[in-house]
Amino acid sequence: MSVFSWLTRPRIQTDDWKKAEGVLPVERALADEHEAMHGDAISPLLEAVTLDFDAAQFVDIPALARDLRNAAGSHESPVDRRLTPRHKLDSEVTPRDAVGKFLLEDAALMAALVAFESADAGELRSDGAVGRPVAHERFAAALATSFNKRLGQRLMDEPACRPFVQSGAVDALGEAPAGSDAVTAQENFYRRANRELLEAVFPRTVALMRDRRLAIVFDAARKRDTAALCLSGGGIRSSTFALGIMQGLARHGLLGKFDYLSTVSGGGLSGGWLSAWMRREGANTVHDALRTAGQEKIQPEPEPVQGLRAFSHWLTPTAGALSVDSWTVIATVLRNLLLNWLVLIPLLCGLVLLPRLLLAVLAIDFGARPSNYDDDIGWVILAG
């Protein structure tokens, strides 16, 4: 593509991806939490994982070559006239095909793809002592060079990339590097957004930067004696059970031994309540309150525990015969019963009437009967 064509190609100036600015990536949030808890300085290790691509990050070279060939279409070698076909049968252009065709506008990448597909058996043979085949390494290096060129552009404005932006591929760009000016910060956001877009296009063939950074956080966490309290789901029953578990752990002095809290569904009510209480009054105060709660009959439970129990009636927050919530539940139950009956009762009635329908069919007079006709044949059929 000529420089004039590239400058005049249609683009869409969008800012919807900017909502991801300032949203901490999960690996950054976990790293900040780990540093606050244990004092380990793992942020420099995360920053060492740069946004740039290198050959080792392309983990499935043949699959990536197939994706690019599907985007480019069939190719006939000018040397031996060998035809390299597309690897999929349908002709529909997918969003990945559109991005692949856009990436192959880089003549060097297109030439590298053709060279990879034309490699001989020796270049495609893997040698355990050396590592990947020579053809794979050469194509991976070309991919890294081409992808790094794209990091400096506004890929989120390219029509081919818009479906991935709209589907949420750019979700957490984090914060600008400390001490950077506005231009440098914006450039960093572009590069981070472009990296997330390219990873979303080829998720199984490119090593995700988030996974590589998470591995650093997990390695640091494994070196510490950490534990997590996990509360499962199940509605109000799970939430009540979780409250009892937390009280039991506090009475045995074990609640403060956990470093992380993970909740699902109903367990999230008790987990969120515990986190909010600890944030307001401190972990030690909460541990002492839960340790001594309910040990004496005349001793009331702490106010936060009473509040949790008071608001545990999700379906009927306000009880009573004249309560709107109670009558709403009754009306909901009656409505659901009526809907089920409208489906089940006709089916049951049909099953009950089936023998009478068979008798009615057998009682039809079809004309003269043979001399050896038995009038009880219908009953024999029904009984057998």
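Residues numbered from 1 in each chain as written. Predicted model: local features only at pLDDT ≥ 70, side-chain atom pairs only at ≥ 80, totals over all residues. Heavy atoms only, no water.

Enquirer: Explanation requested: the overall build of the chain in the structure shown.
Expert: Regarding its fold elements, the chain presents 17 helices and four strands. As displayed, the chain has an accessible area near 23500 Å², and 61% of this comes from carbon and sulfur atoms. (Helix = DSSP H or I, 4+ residues; strand = E, 2+ residues; numbered from the N terminus. Areas by Shrake-Rupley, 256 points an atom, 1.4 Å probe, with all protein chains shown as cover.)

Enquirer: Can you help me understand the environment of Leu143 in this one?
Expert: With respect to the helices and strands, Leu143 occurs in helix α8 (residues 134-151). For Leu143, a relative accessible area of 0% corresponds to the buried category. Each C-alpha atom of the pair Leu143 and Ile61 lies 9.6 Å from the other, and the pair is 82 residues apart in sequence. (Buried < 20%, exposed > 50% of the residue type's maximum accessible area, 1.4 Å probe, protein only.)

Enquirer: I tried to follow the packing of helix α4 (residues 61-72) against helix α5 (residues 95-103) on my own but got confused; where do I start?
Expert: Geometry of a packed helix pair, given as the angle between the helix axes and the separation of the axes. At a minimum axis distance of 8 Å, the contact between α4 and α5 shows a crossing angle of 85 degrees. With respect to α5, the axis of α4 lies roughly perpendicular. For the pair formed by α4 and α5, the contact residues are Asp67, Leu68, Asn70 and Ala71 on the first element and Arg96, Asp97, Gly100 and Lys101 on the second. Looking at the contact of α4 with α5 residue by residue, the class counts come to two nonpolar, two polar and four charged. (Axes fitted to C-alpha atoms, helices over the stretch in contact; angles between N-to-C directions. Parallel < 35°, antiparallel > 145°, perpendicular 65-115°, else oblique. Contact = heavy atoms within 4.5 Å. Nonpolar A, V, L, I, M, F, W, Y, C, P; charged D, E, K, R; others polar.)

Enquirer: Can you walk me through the packing of aromatic side chains in this structure?
Expert: In this description, an aromatic ring pair is defined by two values, namely the gap between the centres and the angle between the planes. Applying the stated rule across the entire model yields six aromatic pairs. Plain terms: the ring middles of Phe58 and Phe147 are 5.4 Å apart, the flat faces sit at 80 degrees to each other, and that makes the pair edge-to-face. Of this pair, Phe58 sits in the loop between α3 (43-48) and α4 while Phe147 sits in helix α8, and the two are 89 residues apart along the sequence. Like Phe58, the residue Phe147 is buried in the burial classification. Relative to Phe139, the ring of Phe116 has its centre 5.2 Å away and its plane inclined at 20 degrees; by these criteria the two rings are stacked. Here Phe116, found in helix α6 (residues 107-117), pairs with Phe139, found in helix α8; they are 23 residues apart in sequence, far enough to count as distant. The buried category is assigned to Phe139, whose relative accessible area is 1%. (Phe/Tyr/Trp six-rings, centres within 6.5 Å; stacked < 30°, edge-to-face > 60°.)

Enquirer: What's the story with the pattern of salt bridges in this structure? I'm lost.
Expert: When charged atoms on two side chains of opposite charge get close, those side chains can pair. Counted under the stated rule, the structure contains 17 salt bridges. The residue Asp171 makes a salt bridge to Arg210 at a minimum N-O spacing of 3.2 Å. With a gap of 39 residues between them, Asp171 in the loop between α9 (162-166) and α10 (182-201) and Arg210 in helix α11 (residues 209-222) connect regions that are remote in the sequence. On the accessibility criterion, Asp171 (37% relative accessible area) is partly exposed. With its nearest N and O atoms 3.3 Å apart, the salt bridge here joins Glu196 to Arg192. Placement of the pair is Glu196 and Arg192 together in helix α10, with a separation of four residues, close to one helical turn. Judged by its relative accessible area of 7%, Glu196 falls in the buried class. (Salt bridge = Lys/Arg side-chain N within 4 Å of Asp/Glu carboxyl O.)

Enquirer: Would you mind going over the pairing of strand β3 (residues 228-231) with me for this structure?
Expert: Looking along a regular strand, one sees the side chains alternate between the two faces of the sheet. Of the two faces of β3, only one is covered, namely that formed by Leu229 and Leu231; the face formed by Ala228 and Cys230 stays uncovered. Bridge analysis of β3 against strand β4 (residues 260-263) gives four bridges, and the strand direction is parallel. Across the sheet, Leu229 pairs through a bridge with Leu261, a residue of β4. Read as a crossover between parallel neighbours, the route from β3 over helix α12 (residues 235-251) to β4 is right-handed. (Pairing = 2+ DSSP bridges. Right-handed = clockwise from strand over helix to strand, strands pointing away.)

Enquirer: How should I be thinking about the nonpolar core in this particular structure?
Expert: Burial of nonpolar side chains together is a common tendency in soluble globular proteins. Membership of the largest hydrophobic core comes to 42 residues, with the highest contact counts inside it found for Trp17, Phe58, Phe139, Leu143 and Leu197. No other element matches the seven residues that α8 contributes to this core. What Phe139 contacts, discounting residues up to four positions off in sequence, is Ile61, Ala65, Leu68, Leu109, Ala112, Leu113 and Phe116. (Core = buried A, V, L, I, M, F, W, Y, C linked by side-chain atoms within 4.5 Å.)

Enquirer: So what exactly am I meant to see when it comes to the side chain of Gln57 here?
Expert: Position of Gln57 relative to the elements: it lies in the loop between α3 and α4. Beyond its immediate chain neighbours, meaning those up to four positions away, Gln57 contacts Asp52, Arg195, Thr205, Val206, Ala207 and Arg212.

Enquirer: Is there a simple way to think about helix α16 (residues 324-362) in this case?
Expert: At 3.6 residues per turn, the α-helix brings residues three or four places apart onto the same side. Helix length check: α16 (39 residues) gives 57 Å between terminal C-alpha atoms against 57 Å at 1.5 Å per residue, within 8%. The largest bend in α16 is about 40 degrees, located at Leu354, with the proline Pro355 one to four residues further on. Its side-chain oxygen 3.2 Å from the backbone nitrogen of Asp325, Ser323 forms the N-cap of α16. (Expected span 1.5 Å × (residues − 1). Bend = angle between axes of the 7 residues up to and from the residue. Polar contact = N/O pair within 3.5 Å; in protein donor to acceptor, adjacent residues only side chain to side chain.)

Enquirer: Mind showing me how you'd approach the environment of Pro163 here?
Expert: With respect to the helices and strands, the residue Pro163 is situated in helix α9. Under the relative-accessibility criterion, Pro163 is labelled partly exposed at 37%. It is 9.9 Å that separates the C-alpha atoms of Pro163 and Val99, two residues lying 64 residues apart in sequence.

Enquirer: Looking at this structure, I do not really get unusual backbone geometry. What am I missing?
Expert: With glycine set apart, most residues show a phi of negative sign, and most peptide bonds adopt trans. Phi at Ser265 is positive, roughly 50 degrees, even though this residue is not glycine. Examined against the element boundaries, Ser265 turns out to sit in the loop between β4 and α13 (267-281). The exposure class assigned to Ser265 is exposed, which follows from its relative accessible area of 60%.

Enquirer: Explanation requested: the environment of Asp120 in the structure shown.
Expert: Relative to the assigned elements, Asp120 resides in the loop between α6 and α7 (121-124). Put simply, Asp120 and Ala135 are 15 residues apart on the chain and 8.7 Å apart in space, counted from C-alpha to C-alpha. A polar contact is formed between the side chain of Asp120 and the backbone nitrogen of Glu123, at a distance of 2.9 Å.

Enquirer: What is the right way to look at the confidence of the model for the chain in this model?
Expert: Summarising the model, the chain shows a mean pLDDT of 81, and 83% of its residues fall at 70 or more. Here helix α1 (residues 3-8) stands out as the least confident element of the chain, with mean pLDDT 46; α8 is the most confident, with 93. Between residues 76-81, whose pLDDT stays under 50, and residues either more than four places distant or in other chains, the model counts four contacts. Ignoring residues within four places in sequence, the model shows residues 379-384, a span with pLDDT below 50, making three contacts including any to other chains. (pLDDT = per-residue confidence, 0-100.)

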